[in-house]
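Geometric and topological summary
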Amino acid sequence: MMERPFFGFGRPKLKYAEIERLTQPDIRQVPVPAQITVFLDHAAEVKDLGLRQGTEVKTGEKLALYKDKKGYLIAPATGTIQNISENRTYTDRRFLAITIDTKGKDRWDTQFIDEAESPPGPENALAYLAFLPGISDFTSLIRMDNPLHTLIVNGTDPDLLVLTNQLVINTRPEEIKEGLSHLSKVTGASRVILVVPPNLRLQAEKVGAEIRVIDPVYPNTLPRLMVQGVLNQTVPANGTLTDLGIGIISAEAVLALKTAFTDKTLPVEKLISVIDKDNGVTCARARIGTPVREILSTLNISTQQGDRIVFGGPMTGHGVYSEDMPVLHHTDAILIQDKSRVVPSSDSSCINCGECVRACPARLPVNMLVRLLENGLYEEAAQTYDLLSCVECGLCSYVCMVHIPVFHYMMLGKHELALREAMEESNG
Amino acid sequence: MDKDKLFVSSYAPYWHNGSSLSVKSYNIILAALPAVIMGIYQYGPPALGVVAFSISFSIFWELIMNSVMKRPVTIGDGNAAVIGLLFAMLLPAATPWWVVLVGTFVAIVIGKQIFGGIGCNPLNPSLVAIAMLMLSWEAMLDFDEALVNYDLGFYMAYPLGALKHFGTDILYHYSPGQLLMGQQPGAIGATFGLGLIIGGIYLILRGFIRWEIALSFLAGIFITALVFNIADPEAYAPPLFHLLTGYTLMGAFFLAPEDASSPVNFVPMLIYGACAGFLTVLIRNIGAFTDGVVFAVLMVNVANPLFDKIRPKALGKGTDHA
């Protein structure tokens, strides 16, 4: 926890962790667990599923999910599919959980190796790399008809205390260089910019790309702010980066591209910064789908009832309630927080102190927004008070003196608006 | 799944900067102490009585309202104590107990709770109470009348009252040094200028009040008073006199920056403070009341929602003036 400084009339200054912060310089390898689980977005009917329980899978095998629709899964380990279940998140998004009982040594599937003989290109990437580690959906950067013109490779990390990308830049710049050449071929982007914190500048120069150094103060590495800082372009409030022809990819994903196309191996492991209860950071490498429990036991981190486990960093991560939750291909960090440090939210009303307004990097009238959002006036919040300009940094909740879950309200508002929009579209 | 070991899940962020309302309230009380202690030192037990009575009755009314309105008990956040303390600081030491009782009722119940509690009050609760008293029992808040039995060894005429009635001729009784050191009759917590300034600077540095409001309020008073003074030095007092008398310093550091009734954006805070300062001097120099701070701040409190309409363009909206 970073406390408010004694003299505190300015904005909060939260610095990103530097690579020197790593408790151990080497990466700890987490053994393949007895059971792994992968989660997949799922929109089709369960009866259309092509996957069946009991199917034998090999590491790196591409499994078609449905009988006649697109959608696939790359098996991260060798074993048998033990269970397939459909679940819903609390925002009512459907997803599939596929559990694989792992068995013996890895046996690698050769389909990708055979096909990757052809030079790296968008078709290959679309067909195999949807689960590229380090990015939530790599295929979103590949647009056949209208390719992105600029790609920002993030050599910084998205949240405080996370060191995953910085570790990659620091230890493997040459491989990043190779990965970048594949990246250009796959996406067709003409300009690739590598963004690093100041202390990694020398390492980054070995990559040989256009380099930008970013001030390592939170929330500068969030996508919209990074575009603003690096390209001096503002993403419209109701638009996306893709609308401007810009994409962001993490350094780890670029490294995974190199693994795929140069080493001809589908990347099935994820590099994770594990932040322990004393904010010490250790990096671990684990199979995608490894339950948190296995990672924590490898690193000798103990937890108890009432602690907090967060996928991601302290500002933007997602809390999970069980150690059984698996790490996914885009889980950059795991934060463990002792229960004594858990700060509960409250339902007090806003006292209009203005701390959130001063902390907001998007210059939102958060004090007004929270009043509207508490009362469910989402449309007015978006139209009059610019809700959609929110860059999702969480600083409003971080500074709130009466502990209102402001950021939660903002995200709820955005979610409700998206639902209404979707409903209006479907009603024609 | 291991049902015996569940984790606390909630939405991000998982860190908090550790600030809290009670810390803020207690710091405001701490910052007000130098001036209050000076007042108690000067006026003795009656002043202590008013302060203690006001704080305890504010907390009492808050508790009553919490239970009447079936809301969680909020006396722990210290806001009621702050309102009570600030209200007491605006009163003369000889205020009778029933005036304090009525005043705290107005402050907490009418000023704050009927609007929905902390954060919802459109006006500063302490000022609502003092304004009501000023209009209802004018004599109670006439410092010359209230403090008639005190002789503290300095010129015992309330500076703003003397200015109003006798003009600038009597100003030689009050040197800035004396005013700063509390050598002037007045409210319990409003006369010791140096203590209020130290408390105010402490609050600004700690980030509990906004420097924009405090400084623009003082600047508004200074500039307006200066203009009057230049126009007619015979009729109007110099700006420094206005800065160090009446409720000016209380207003700048404790009343105008009250959270719910003041703006949060940079430019609106400056306008808000400057308007309050401007109105204060207008009321003092050409208005009917001796001190203008109370009504000036209440007036800008009312205009506050309009001030806060002036705000920077949000990221990604229209032209960017970052």
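Cut-off values and rules
Residues numbered from 1 in each chain as written. Chains lettered and ligands numbered in written order. Predicted model: local features only at pLDDT ≥ 70, side-chain atom pairs only at ≥ 80, totals over all residues. Helix = DSSP H or I, 4+ residues; strand = E, 2+ residues; numbered from the N terminus. Rg over C-alpha atoms; globule rule 2.2 N^0.38 Å. Buried ≥ 20, exposed ≤ 12 C-beta atoms within 10 Å, placed from the backbone. Contact = placed C-beta atoms within 7 Å. Nonpolar A, V, L, I, M, F, W, Y, C, P; charged D, E, K, R; others polar. pLDDT = per-residue confidence, 0-100. Arc of directions from axis to C-beta. Core = buried A, V, L, I, M, F, W, Y, C linked by C-beta atoms within 7 Å. Pairing = 2+ DSSP bridges. Axes fitted to C-alpha atoms, helices over the stretch in contact; angles between N-to-C directions. Expected span 1.5 Å × (residues − 1).

Looking only at helices and strands, one finds 14 helices and zero strands in chain B. Counting from the amino terminus, helix and strand elements in chain B follow one another as α-α-α-α-α-α-α-α-α-α-α-α-α-α. Taking 20 Å as the expected radius of gyration for a compact globule of 322 residues, we find that chain B reaches 21 Å, a close match to that expectation. The principal-axis extents of the C-alpha atoms in chain B amount to approximately 85 × 55 × 30 Å. Per-residue burial over chain B gives 56% buried out of 322 residues. The contacts in chain B between residues at least 6 apart in sequence include a share of 73% that link residues at least 24 apart.

Secondary structure assignment for chain A yields 13 helices and 16 strands. Computed over the C-alpha atoms, the radius of gyration of chain A is 22 Å, within 12% of the 22 Å expected from 2.2 N^0.38 for a compact globule of 428 residues. Expressed as lengths along the three principal axes of its C-alpha atoms, the size of chain A is roughly 60 × 50 × 50 Å. For chain A, buried positions account for 48% of its 428 residues. The contacts in chain A between residues at least 6 apart in sequence include a share of 68% that link residues at least 24 apart.

The subject of this paragraph is the interface of chain B and chain A. Counting from both sides, the interface comprises 43 residues of chain B and, opposite them, 64 residues of chain A. Every element with two or more residues in the side of chain B that touches chain A is listed here: α1 (21-43) and α9 (193-206) of chain B. Examining the composition of the side of chain B that touches chain A, we find that three residues originate from one element, α9 of chain B, more than from any other. When the residues that make up the side of chain B that touches chain A are grouped by side-chain class, the tally is 20 nonpolar, 13 polar and ten charged.

Turning to the confidence of the model for chain B, a few remarks are in order. Here chain B averages 93 in pLDDT, and 98% of its residues register 70 or above. As scored by the predictor, the complex reaches a pTM of 0.92 and an ipTM of 0.90.

Attention now goes to helix α7 (residues 159-166) of chain B. Residues and elements named next belong to chain B. Those residues of α7 that sit buried are Pro-159, Leu-160, Ala-162 and Leu-163. Down the axis of α7, the buried set is contained in an arc of 160 degrees. They therefore lie on one face. Just downstream of α7, Gly-167 is the residue with a positive phi angle, here 80 degrees.

A few words on the environment of Ala-253 of chain A. Residues and elements named next belong to chain A. Locating Ala-253 in the fold gives a position in helix α7 (residues 251-261). Residue class for Ala-253 comes out buried when judged on the 26 C-beta atoms lying within 10 Å of it. Separated by 113 residues in the primary sequence, Ala-253 and Ser-140 have C-alpha atoms spaced 13 Å apart. If sequence neighbours within four positions are ignored, Ala-253 has contacts with Leu-132, Pro-133, Gly-134, Ile-135 and Phe-138.

If you look at the biggest cluster of nonpolar residues, it comprises 137 residues, and the most contacted ones within it are Ile-295, Ile-334 and Leu-369 of chain A. Residue contributions to this core peak at eight residues, all from α7 of chain A. Residues within four places of Leu-369 of chain A in sequence aside, it is in contact with Leu-364, Ala-381, Tyr-385, Leu-387 and Met-410 of chain A. Core analysis: the second largest hydrophobic core is formed by 97 residues, Leu-91, Leu-147, Ala-274 and Phe-307 of chain B among them.

Residues and elements named next belong to chain A. In space, the six strands of this open sheet follow the order β1-β13-β12-β16-β14-β15, with mixed pairing throughout. Strands with a single pairing partner mark the edges of an open sheet, and in this sheet they are β1 (28-29) and β15 (318-320). As judged from the two bridges shared by β1 and strand β13 (residues 281-287), these two strands associate in the parallel manner. Pairing of Arg-28 across the sheet is with Ala-284, part of β13. Against the sheet, helix α3 (residues 164-171) makes contact with β12 (269-275), β13 and β16 (333-337), and its axis sits at roughly 115 degrees relative to β12, the strand it touches most.

To continue, consider helix α13 (residues 406-426) of chain A. Along an α-helix, residues three or four apart share an orientation, since each turn contains 3.6 residues. All names here are of chain A. Counted at 1.5 Å a residue, the expected span for α13 with its 21 residues is 30 Å, and the 30 Å between its end C-alpha atoms agrees. Taken residue by residue, α13 has Val-406, Phe-407, Tyr-409, Met-410 and Gly-413 as its buried positions. The buried residues of α13 all sit within an arc of 165 degrees when viewed along its axis, so they share a single face. The exposed residues of α13 that point more than 90 degrees off its buried face are Ala-418, Ala-422, Met-423 and Ser-426. The elements touched by buried residues of α13 are α9 (355-359), α10 (366-374), α11 (378-385) and α12 (395-399).

Another point: the sheet that holds strand β8 (residues 150-154) of chain A. Residue and element names in this part refer to chain A. The strand order β10-β9-β8-β11 describes an open sheet built from four strands, whose pairing is parallel. Of all the strands in the sheet, the pair left with one neighbour each is β10 (210-213) and β11 (246-250). In this sheet, neighbouring strand axes are inclined to one another by 25 degrees on average, regardless of whether the strands run parallel or antiparallel. Summarising the sheet, strand β9 (residues 191-196) and β10 pair through four bridges and their orientation is parallel. Each bridged residue has a counterpart across the sheet, and for Val-196 the counterpart in β10 is Val-213.

Here the focus is the pairing of β12 of chain A. It is a general feature of regular strands that their side chains alternate between the two faces of the sheet. Residue and element names in this part refer to chain A. Taken across its seven residues, β12 has six buried, putting it largely inside the fold. Inspection of the sheet shows β12 paired to β13 by seven bridges, in the antiparallel sense. Across the sheet, the residue bridging to Leu-271 is Arg-285, located in β13. Count of turn residues in the β12/β13 antiparallel hairpin: five residues, of which Asn-279 carries a positive phi of about 65 degrees. Both β12 and β16 contribute to a ladder of three bridges, which runs parallel. When the bridges of β16 are listed, Ser-273 appears paired with Ala-333.

The next subject is the pairing of strand β6 (residues 79-88) of chain A. Residue and element names in this part refer to chain A. In terms of residue burial, β6 counts as a barely covered element, since only one of its ten residues are buried. Bridge analysis of strand β3 (residues 56-57) against β6 gives two bridges, and the strand direction is antiparallel. When the sheet's bridge partners are listed, Val-57 is paired in β6 with Gly-79. Sheet topology note: the β6/strand β7 (residues 94-102) ladder contains nine bridges and is antiparallel. Note that in β7 the partner of Ile-84 across the bridge is Ile-98.

To continue, consider unusual backbone geometry. All names here are of chain A. The residue after Tyr-218, namely Pro-219, is reached through a cis peptide bond having omega 5 degrees. Look at Asn-279: it is not a glycine, yet its phi comes out positive at around 65 degrees. Along the polypeptide, Asn-279 turns up in the loop between β12 and β13. The residue Asp-386 is not glycine, and still its phi comes out positive at about 60 degrees. Structurally, the position occupied by Asp-386 is in the loop between α11 and α12.

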